[in-house]
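A structural walkthrough
The residues making up each chain are set out below.
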Amino acid sequence: MAATALKEQLNGLVNSMFAEGLLDEQFQQLQMLQDGSNPGFVAEVVTLFCEDSERILTELTKLMDQALVDYSKVDAYVHQLKGSSSSVGAQNVKLACIQFRQFCEENNKEGCVRALNVVKHEYYRLRSKFETMLQLESRIQAYENKQQN
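Remember, it's a predicted structure, so these values are computed and weren't measured experimentally.

What counts, and where the lines are drawn
- Residues numbered from 1 in each chain as written.
- Predicted model: local features only at pLDDT ≥ 70, side-chain atom pairs only at ≥ 80, totals over all residues.
- Heavy atoms only, no water.
- Helix = DSSP H or I, 4+ residues; strand = E, 2+ residues; numbered from the N terminus.
- Expected span 1.5 Å × (residues − 1).
- Buried < 20%, exposed > 50% of the residue type's maximum accessible area, 1.4 Å probe, protein only.
- Contact = heavy atoms within 4.5 Å.
- UniProt positions renumbered as here; feature names shortened; annotations may be inferred.
- Polar contact = N/O pair within 3.5 Å; in protein donor to acceptor, adjacent residues only side chain to side chain.
- Phe/Tyr/Trp six-rings, centres within 6.5 Å; stacked < 30°, edge-to-face > 60°.

Another point: helix H3 (residues 41–64). Counted at 1.5 Å a residue, the expected span for H3 with its 24 residues is 34 Å, and the 34 Å between its end C-alpha atoms agrees. Of the positions making up H3, those classed as buried are Phe 41, Val 42, Val 45, Val 46, Phe 49, Cys 50, Ser 53, Ile 56, Leu 57, Leu 60, Leu 63 and Met 64. On its buried face, H3 sits against helix H2 (25–33), helix H4 (71–88), helix H5 (91–105) and helix H6 (109–148).

Dropping the structure here:
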């Protein structure tokens, strides 16, 4: 498939992510930082975000499975996830984290468990789209490198 068609597919995917509320303007800021000298910048940031999010979600799940929940620890992890989500423009994840933190402040275990499930759902939706985006970017880069040789 020609690089132009792949780029159109990539643009369509990213536009749909904005339309669905998965991404906000912060992601556009990230895209503007990527240039010829650093063509993999967005991919690198997205990959780090996903790795970090997976680790945090694992910790949150362990904490919420405890009989006595340490809400300050839970809140610290949710705050960290909210910050990294905000920095990559993961709008729905960030909004779900805001709700989660409110349940933490109330020491509401049932609310926190529901909120964790919402955060996971929003994160996994986003991760799936990010994976497709990174595959398209990789194919475009490979095609363009092939054309240069």
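Per the UniProt annotation, the sites labelled "modified residue: Phosphohistidine" (unreviewed entry) are His 79. With respect to the secondary-structure elements, His 79 resides in helix H4.

Right, let's talk about the environment of Thr 58 for a bit. In this fold, Thr 58 is placed in helix H3. A distance of 2.9 Å separates a polar side-chain atom of Thr 58 from the backbone oxygen of Glu 54.

With that out of the way, let us pick up the packing of aromatic side chains. By the definition in use, this model includes 5 aromatic pairs. One aromatic cluster is present, built from ring pairs that chain together Phe 18, Phe 27, Phe 49, Tyr 123, Tyr 124 and Phe 130.

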